[in-house]
Amino acid sequence: MPHFNDLSQHLFGKPLAELGEIERRILTRAKERRTVATDTNAEFSAELSVGDRLADSIARVGGSWTFILSFCGFLVVWVIVNTVLLMTGAFDPYPFIFLNLLLSMLAALQAPVIMMSQNRQAERDRFAAAKDYEVNLKSEVELISLHHKVDDVLLREIAELRADLATLNRQLAQYRHIPDTD
């Protein structure tokens, strides 16, 4: 098996010392015939903290139609209870100042949580892109290696065919120089 520096020069066109961490890891894995592909979702999720998982769950619920429809239903019930049912003793009469306070507090808490979840999704996308790059790079390295193996086999076969052809030409030349005895 060729030395790492020879492989690096051959595959990447630069010495091993100039390769980045990813290229070195891919070169090592290719030489050891190990896979690079992993389940990026599972790998990324394994590193999430409890707060990260909670923020993702809140964002998932807060961004669903179930939440929107349920919250619209809650608002309709709030308005009906405070205008129709409790005409004289409403705990939040029109213009619903307490409801506005609750909605403002919900928005103030929900917006940063959703932004945290979006930032984590961007991190997940970058993580997946890096993994895709590694897999693509290893595939490219393997394809180059395969091409070289095929080229070596073809060159060896061509050399053998040329040797066979030279032998046949010598034999043919010998038969041409033998006089007919008939």
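Bear in mind the structure is a predicted one, so any value in this text is a computation, not a measurement.

## A few points about helix 4 (residues 50–62)
Since the α-helix turns once every 3.6 residues, residues separated by three or four places project in the same direction.
Here's step 1: Between its terminal C-alpha atoms helix 4 stretches 18 Å, which fits the 18 Å expected from 13 residues at 1.5 Å a residue.
Here's step 2: Of all the residues in helix 4, the buried ones are Ala55, Asp56, Ala59 and Gly62. Down the axis of helix 4, the buried set is contained in an arc of 135 degrees. They therefore lie on one face. Counted as exposed and oriented over 90 degrees from the buried face of helix 4: Val50, Leu54 and Arg60.
Here's step 3: For helix 4, the elements touching its buried residues are helix 5 (65–85) and helix 6 (97–177).

## Some thoughts on the side chain of Lys131
Here's step 1: Position of Lys131 among the secondary structure elements: in helix 6.
Here's step 2: Given the relative accessible area of 15%, Lys131 is considered buried.
Here's step 3: A distance of 3.5 Å separates the side chain of Lys131 from the side chain of Glu43, its partner in a polar contact.

## Notes on the packing of helix 2 (residues 21–32) against helix 6
Here's step 1: In the contact formed by helix 2 and helix 6, the axes pass within 10 Å of each other and the chain directions differ by 50 degrees. Taken as axis vectors, helix 2 and helix 6 run oblique relative to one another. Remark: the crossing between helix 2 and helix 6 carries right-handed chirality. Counting all contacts with helix 2, which are made through Ile22, Glu23, Arg25, Ile26, Arg29 and Ala30, the residues of helix 6 involved are Tyr133, Glu134, Leu137, Lys138, Val141 and Glu142.
Here's step 2: For the contact of helix 2 with helix 6, the residue count by class is six nonpolar, no polar and six charged.

Conventions adopted
- Residues numbered from 1 in each chain as written.
- Predicted model: local features only at pLDDT ≥ 70, side-chain atom pairs only at ≥ 80, totals over all residues.
- Heavy atoms only, no water.
- Helix = DSSP H or I, 4+ residues; strand = E, 2+ residues; numbered from the N terminus.
- Expected span 1.5 Å × (residues − 1).
- Buried < 20%, exposed > 50% of the residue type's maximum accessible area, 1.4 Å probe, protein only.
- Arc of directions from axis to C-beta.
- Contact = heavy atoms within 4.5 Å.
- Polar contact = N/O pair within 3.5 Å; in protein donor to acceptor, adjacent residues only side chain to side chain.
- Axes fitted to C-alpha atoms, helices over the stretch in contact; angles between N-to-C directions.
- Parallel < 35°, antiparallel > 145°, perpendicular 65-115°, else oblique.
- Left-handed = near helix turned anticlockwise from the far one by under 90°.
- Nonpolar A, V, L, I, M, F, W, Y, C, P; charged D, E, K, R; others polar.

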